[in-house]
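# A look at the structure
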Amino acid sequence: MPQLLAPALLQQLQQRLVPQSGAEFHHAAIGRGGQQQQNTSIRGDHIRWLNNAEQPDAQWLTLMEQLRVGLNQRLFMGLFDYESHYACYQPGAFYRKHVDALPGSRNRILTTVLFLNEQWGADDGGELQIFDMENNLLQQVVPEAGTLVIFLSECFPHEVLTTKRHRGSIAGWFRVSNSHYGF
Ligand SMILES: O=C(O)CCC(=O)C(=O)O
Ligand SMILES: [Fe+2]
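We now turn to the structure provided with this report. Per-chain numbering applies: the sequence of each chain, read as written, is numbered from 1 onward. Chains and ligands are labelled by the order in which they are written, letters from A for the one and numbers from 1 for the other. With pLDDT at 70 or above as the cut-off, local features in this predicted model cover only qualifying residues; side-chain atom pairs require 80 or more to be listed or tallied, and sums for whole chains, interfaces and linings still use all residues. Computation of side-chain values covers all heavy atoms of the structure but excludes hydrogens and water.

## Considering the coordination of the iron ion (ligand 2)
The donor definition counts N, O and S atoms within 2.8 Å of each metal and applies 3.2 Å to Na, K and Ca; water is not among these atoms, so some sites may look incomplete. The protein atoms donating to the iron ion (ligand 2) are His98 (NE2), Asp100 (OD) and His158 (NE2), with metal-donor distances spanning 2.1 to 2.2 Å. In primary-sequence terms, the residues that donate to the iron ion (ligand 2) follow H-x1-D-x57-H. Each residue is placed in one exposure class: buried if its accessible area under a 1.4 Å probe, protein chains only, is under 20% of its type's maximum, exposed if it is over 50%, and partly exposed if it falls in between. The exposure class assigned to His98 is buried, which follows from its relative accessible area of 14%.

## Here's the deal with the nonpolar core
Ranked by internal contacts, the top residues of the largest apolar core, which has 23 residues, are Leu5, Leu13, Trp60, Tyr86, Leu114, Leu116 and Ile170. The helix and strand labels rest on DSSP assignments: H or I over at least four residues marks a helix, E over at least two residues marks a strand, and numbering proceeds from the N terminus. For this core, the secondary structure elements donating two or more residues are helix H1 (7-15), helix H2 (57-75), strand E3 (81-89), strand E5 (108-115) and strand E10 (167-175). Examining the composition of this core, we find that 4 residues originate from one element, H2, more than from any other. Here a residue-residue contact requires only that any non-hydrogen atoms of the pair lie within 4.5 Å. Apart from residues lying up to four places away in sequence, Leu114 is in contact with Leu5, Leu13, Trp60, Gly146, Thr147, Leu148, Ser169 and Ile170. Within this scheme, the nonpolar core is defined by two criteria: the residues are buried Ala, Val, Leu, Ile, Met, Phe, Trp, Tyr or Cys, and they are joined through side-chain atoms within 4.5 Å.

## What about the site of ligand 1?
By convention in these notes, a residue is near a molecule or strand provided one of its non-hydrogen atoms lies within 4 Å of it. His98, Asp100, His158, Arg167 and Ser169 are the nearest of the 14 residues found near ligand 1. Counting of polar contacts relies on pairs of N or O atoms within 3.5 Å, with two restrictions inside protein: one atom must be capable of donating a hydrogen and the other of accepting it, and residues adjacent in sequence are counted only when both atoms are side-chain atoms. A distance of 3.1 Å separates an oxygen atom of ligand 1 from a polar atom in the side chain of His98. Of all elements in the fold, only strand E4 (95-98), E5, strand E9 (158-160) and E10 reach the threshold of two or more residues within the shell around ligand 1. Per-element accounting of the shell around ligand 1 gives the leading share, 4 residues, to E10. Taken together, the residues that form the shell around ligand 1 break down as 8 nonpolar, 3 polar and 3 charged. Only Asp, Glu, Lys and Arg are considered charged, only Ala, Val, Leu, Ile, Met, Phe, Trp, Tyr, Cys and Pro nonpolar, and every remaining residue, Gly among them, polar.

Set out below in structure tokens:
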């Protein structure tokens, strides 16, 4: 989906990627909970989780809350909550092919990626490639400001190609509550 957001909100979200904005980024890890580890051979981005007590984070989270309610009403997806982080990829960074949810874990259901980069060029790299479960390339998405990508977390392996420019995005996940299963 290109250009979904109001330009003013997009601009404010872009500002949060500027190092002087006061926002602290840290090296992203892979795995969850106690199994988290840094592995720069798999991903090289720096992240910061969005905070509902700050702007413009709250505006983005409000939009995603509206989407969550809409999806639940129309598609009965039972989405329980949403978490998201800003991600900065410096030149040379990438995120190798992965899925955002382990099959069967039923925690992360739907992935969103909003891109924050103005005038991305054909030679800038950093495209998001999306595959099916047989490893066929389905889409190659240019990380241009305002484009929002949404896909089922368990079903679409994806990869961020090595970027030649600073590359900003907000990745997020609609989740179901694990405690809703097994009763
Ligand atoms: O920034 C992107 O294009 C996607 C990042 C990603 O796949 C992730 O954080 O899981
Ligand atoms: Fe991912």
